[in-house]
Amino acid sequence: MRVPMKIVLVGMPGSGKSTFGMQLARQLNFVFFDLDKIIEEETGKSISYIFEHDGEGKFRELETIYLEKYLGGIEGFVLATGGGTPCFNDNMELINKKSISVFLDVSLEEIYKRIPKNQSGKRPMFSGLDEGEIILKLKNLHADRERYYRQAKIIISGEDISTEHLMSELMTFF
Ligand code: S3P
């Protein structure tokens, strides 16, 4: 088995990128990075604050800056991106050039179940929306974004979020 040294997880909000990324990094003895957390730490502002005060455009700029920085840095990591990261500023091309990308493919039905119950300050895209509006927003985002996610080098189903299942699916590629 030959495990790539830079693994980047992409997929919709609620697809399990951060949860699985952390477990994957632990099992491989790699460092785990979460792009949203990096942005919060580097700027000293929460994702919600950036969206509200600086605007989504600024957030997308910051995503690209820190994505480039971390992709060009140390080896031996798993990086969980934000749901929109691959869809702006040619980020998916950059990810594929510098790492092995993994798309956690989860059906919209499953995402619907996970997201409305899992609102936090980290997801300003959905703040102030009722459940019906969140579902509509997710449907539109998914329609726009799927073509980027599908450019990932590895696609695994994230429908079953158990680590054992995801690990065994992923390891078939290495
Ligand atoms: C976003 C998803 C969030 C976060 C930001 C924007 C998006 O990350 O980056 O709120 O555009 O889908 P998660 O995918 O971890 O929720």
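Here the structure is a predicted model, which is why all the values come from computation and not from measurement. (Residues numbered from 1 in each chain as written. Predicted model: local features only at pLDDT ≥ 70, side-chain atom pairs only at ≥ 80, totals over all residues.)

### Details of the overall build of the protein
No. 1: The helix and strand inventory of the protein stands at 8 helices and 5 strands.
No. 2: Along its sequence from the N terminus, the protein presents helices and strands in the succession β-α-β-α-α-α-β-α-β-α-α-β-α.
No. 3: Judged by the C-alpha coordinates and their principal axes, the protein covers about 45 × 35 × 25 Å.
No. 4: Within the protein, the fraction of its 174 residues that count as buried is 32%.
No. 5: Within the protein, residue pairs in contact and separated by at least 24 positions form 77% of the contacts whose partners lie at least 6 positions apart. (Helix = DSSP H or I, 4+ residues; strand = E, 2+ residues; numbered from the N terminus. Buried ≥ 20, exposed ≤ 12 C-beta atoms within 10 Å, placed from the backbone. Contact = placed C-beta atoms within 7 Å.)

### A look at the packing of helix H3 (residues 47–54) against helix H4 (residues 56–71)
No. 1: At a closest axis distance of 6 Å, the pairing of H3 and H4 adopts a crossing angle of 130°. Of the possible angle classes, the one that applies to H3 and H4 is oblique. Here H3 contributes Ile50, Phe51 and Asp54 to the contact with H4, which in turn contributes Glu56, Lys58, Phe59 and Leu62.
No. 2: Classifying every residue of the contact of H3 with H4 gives 4 nonpolar, no polar and 3 charged. (Axes fitted to C-alpha atoms, helices over the stretch in contact; angles between N-to-C directions. Parallel < 35°, antiparallel > 145°, perpendicular 65-115°, else oblique. Nonpolar A, V, L, I, M, F, W, Y, C, P; charged D, E, K, R; others polar.)

### Describing the site of the ligand
No. 1: Around the ligand, 12 residues are found, and the nearest of them are Pro13, Asp36, Gly82, Gly83 and Gly84.
No. 2: Grouping the constituent residues of the shell around the ligand by class yields 4 nonpolar, 4 polar and 4 charged. (Near = placed C-beta within 6 Å.)

### Remarks on helix H2 (residues 35–43)
No. 1: Regarding H2, the residues found buried are Leu35, Asp36 and Ile39. Buried residues along H2 cover an arc of 105° about the axis, so they all sit on one side. (Arc of directions from axis to C-beta.)

### A closer look at the UniProt feature "binding site: ATP" (unreviewed entry) in the protein
No. 1: Here the UniProt feature "binding site: ATP" (unreviewed entry) sits at Gly14, Ser15, Gly16, Lys17, Ser18, Thr19 and Arg123.
No. 2: When residues no more than four places from it in sequence are discounted, the contact partners of Lys17 are Leu9, Gly11, Ala80, Thr81 and Leu104.
No. 3: One can find Ser18 in helix H1 (residues 17–28).
No. 4: With near-sequence residues (within four places) excluded, Ser18 lies in contact with Asp34 and Ala80. (UniProt positions renumbered as here; feature names shortened; annotations may be inferred.)

### Some thoughts on the UniProt feature "binding site: substrate" (unreviewed entry) in the protein
No. 1: The UniProt feature table records "binding site: substrate" (unreviewed entry) at Asp36, Arg60, Gly83 and Arg145.
No. 2: Take Gly83: it is sitting in the loop between strand S3 (77–80) and helix H5 (91–98).
No. 3: Sequence-distant contacts of Gly83, defined by excluding residues within four places in its chain, comprise Gly11, Met12 and Pro13.
No. 4: Here Arg145 lies in helix H7 (residues 131–149).
No. 5: For Arg145, a count of 18 C-beta atoms within 10 Å gives the class partly exposed.

### Concerning the environment of Tyr49
No. 1: Relative to the helices and strands, Tyr49 is located in helix H3.
No. 2: When the C-alpha atoms of Tyr49 and Asn96 are compared, they prove to be 30 Å apart, with 47 residues separating the residues in sequence.

### Quick word on the sheet that holds S3
What holds strands together in a sheet is hydrogen bonding between their backbones, with the strands either parallel or antiparallel.
No. 1: Strand order in the open sheet formed by 5 strands is S2-S3-S1-S4-S5, with parallel pairing between adjacent strands. If you trace the sheet from one side to the other, it starts and ends with strand S2 (31–34) and strand S5 (154–157), each paired once. In this sheet, adjacent strand axes meet at a mean angle of 20° when their direction is disregarded.
No. 2: As defined by bridge partners, strand S1 (residues 6–10) adjoins S3 across 4 bridges and the pair is classed as parallel. (Pairing = 2+ DSSP bridges.)

### Overview of the environment of Asp105
No. 1: Take Asp105: it is sitting in strand S4 (residues 100–105).
No. 2: Using a count of 17 C-beta atoms within 10 Å as the deciding quantity, one classes Asp105 as partly exposed.
No. 3: Sequence separation between Asp105 and Val10 is 95 residues; the distance between their C-alpha atoms is 8.9 Å.
No. 4: Apart from the residues lying within four places of it in its own chain, the contact partners of Asp105 are Gly11, Ile155, Ile156, Ser157 and Gly158.

### So, the nonpolar core
No. 1: Leu9, Leu35, Val78, Leu79, Val102 and Leu104 are the most contacted members of the largest nonpolar core, which has 35 residues in total.
No. 2: Ignoring any residue separated from it by four or fewer positions in sequence, one finds Leu9 in contact with Lys17, Phe20, Gly21, Val78, Leu79, Ala80, Thr81, Val102 and Leu104. (Core = buried A, V, L, I, M, F, W, Y, C linked by C-beta atoms within 7 Å.)

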